[in-house]
Amino acid sequence: MIVLGVESSCDETGVGIVRRHPDGTCELLADEVASSVDQHARFGGVVPEIASRAHLEAIVPAMRRALSTAGIAKPDALAVTIGPGLAGALLVGVAAAKAYAAAWDIPLFALNHLGGHVAVDTLEHGPMPPCVALLVSGGHTHLLHVTDLAEPIVEMGSTVDDAAGEAFDKVARLLDLGFPGGPALDAAAAHGDPVAIAFPRGMTGPRDPRYDFSFSGLKTAVARYVEAAQRNGTELPIPDIAASFQEAVADVLTMKAVRAAQDVGVDTLVLGGGATANSRIRSMAEERCAAAGLTLRVPKPRLCTDNGVMIATLGAHVIAGGAEPSPLTVATDPGLSVSTSQIR
C-alpha cells in the first residue's frame, strides 16, 4: 500500500509518500515541503492570505517532485489534512487532493493534522505502543492519550491562551530577534543563563488543571522585564532573557507531560510539533523521562514540523485499521477536534 499525503494547514505546503509493509512498518519514499515562512517574516507572523496564495503556487510542483522522487505514477490512496488549521490554506490542499483523487480514481482519506504529528514518529521508531503525546507548535499545545493510531485520540489538556510556539514568536518579536521566533530564541539562549531571571511557571499551582497550559502570563512577564530595563536605560541581557524564558516553557511542558504519562499508566512519551525541535525542550524531556523510567520518542526535527509525510503515515495506519474512504464532498474543518481522526 502506497499512500500519498497532502498538508496545507498553515504556511508549509507538504507532499509526502510512504509505503506501508505487511508487518505494519512504514517506509518513507518522498518528502517535499515548500515553506512560505520568508514571506511572513516582515509581518512577524503568518498572514493567512499570503499562506493561501503560496499554497496555490507550490502544490503542483511539490506533487510532481514527490512522485518523481518516489518513482511512481500515482499512489494507491491519498490522505489530506482536513483540519485544524487556517481556513484558506486548508481549502487549497483539500481542493487539490480531491482533484488528484478523482483523476487517479483512488480513495481519499480526510485526516486530522494533529494525529499526523503523532503518527510520523513510527517512521523512525516503529509501531507505537499506548502513549502520551505532547504536541507543541505555533498554533497548538496539547497533551494527548493515544491508545491506537487508528482510534480516536483523547485530549488530556491543552493551552487556555497562547500556544507555546506562539509565545516563542511574540517574545522573539519583543527582543527584535525576528520570525520565526523558536530557532532565534534557541540560538540566543545557548549563550545565556537559564536561571538568571525568575520568570513564572503558568498554571502549575495545586488548584490549577493538571494537564492544561497557559503561556500568556509568561509572555507578559518578559514584556514587563523588557519595559523596565528600557525605562532604566539598562542594556537588555538578551541571551539571559531567552534562556530564562525557554527554561520556563520547557519546565512546564515536560513536567505536565511526564505527570500525564504516569497518571494514565503508560511508559512512553512522544514529542511532536515544530516547537519540539527546541533544544531545551528535548533535553529536559530526556532528563525527566529518564528519571521517571519512561521511554521518550522524538522524530527528527524535519519530521516534527508540518509536512505531507505525517499525513501519509497517519493515512496508512487509518487504512490498515479498516477505515472507509471519505467522500469527495467532504468539507474542511479549521476547528477540528483532536478526537476526530478522520472525517467520513
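A brief look at the structure comes next. Remember, it's a predicted structure, so these values are computed and weren't measured experimentally. (Residues numbered from 1 in each chain as written. Predicted model: local features only at pLDDT ≥ 70, side-chain atom pairs only at ≥ 80, totals over all residues. Heavy atoms only, no water.)

## A few points about unusual backbone geometry
Point 1. That bond from Gly83 to Pro84 is cis: its omega, -10°, falls within 30 degrees of zero.
Point 2. Structurally, Pro84 is set in the loop between β4 (77-83) and α3 (87-104).
Point 3. Cis geometry is found at the peptide bond from Phe179 to Pro180, where omega equals 0°.
Point 4. Following the sequence through the fold, Pro180 ends up in the loop between α6 (164-174) and α7 (181-189).
Point 5. A positive phi angle, near 55°, is found at Asp105, a position not held by glycine.
Point 6. Along the chain, Asp105 turns up in the loop between α3 and β5 (108-112).
Point 7. Overall, the relative accessible area of 71% leaves Asp105 in the exposed class. (Helix = DSSP H or I, 4+ residues; strand = E, 2+ residues; numbered from the N terminus. Buried < 20%, exposed > 50% of the residue type's maximum accessible area, 1.4 Å probe, protein only.)

## Quick word on the sheet that holds strand β6 (residues 131-136)
Backbone-to-backbone hydrogen bonds join strands into a sheet, with any given pair of strands oriented parallel or antiparallel.
Point 1. Pairing within the open sheet is mixed, and its five strands lie in the order β8-β7-β6-β9-β10. For this open sheet the edge positions go to β8 (154-158) and β10 (295-297), each flanked by a neighbour on one side alone. Averaged over neighbouring strand pairs, the angle between their axes works out to 20° when direction is ignored.
Point 2. Summarising the sheet, β6 and strand β9 (residues 268-272) pair through four bridges and their orientation is parallel. If you follow Leu134 over to β9, its bridge partner there is Leu271. (Pairing = 2+ DSSP bridges. Axes fitted to C-alpha atoms, helices over the stretch in contact; angles between N-to-C directions.)

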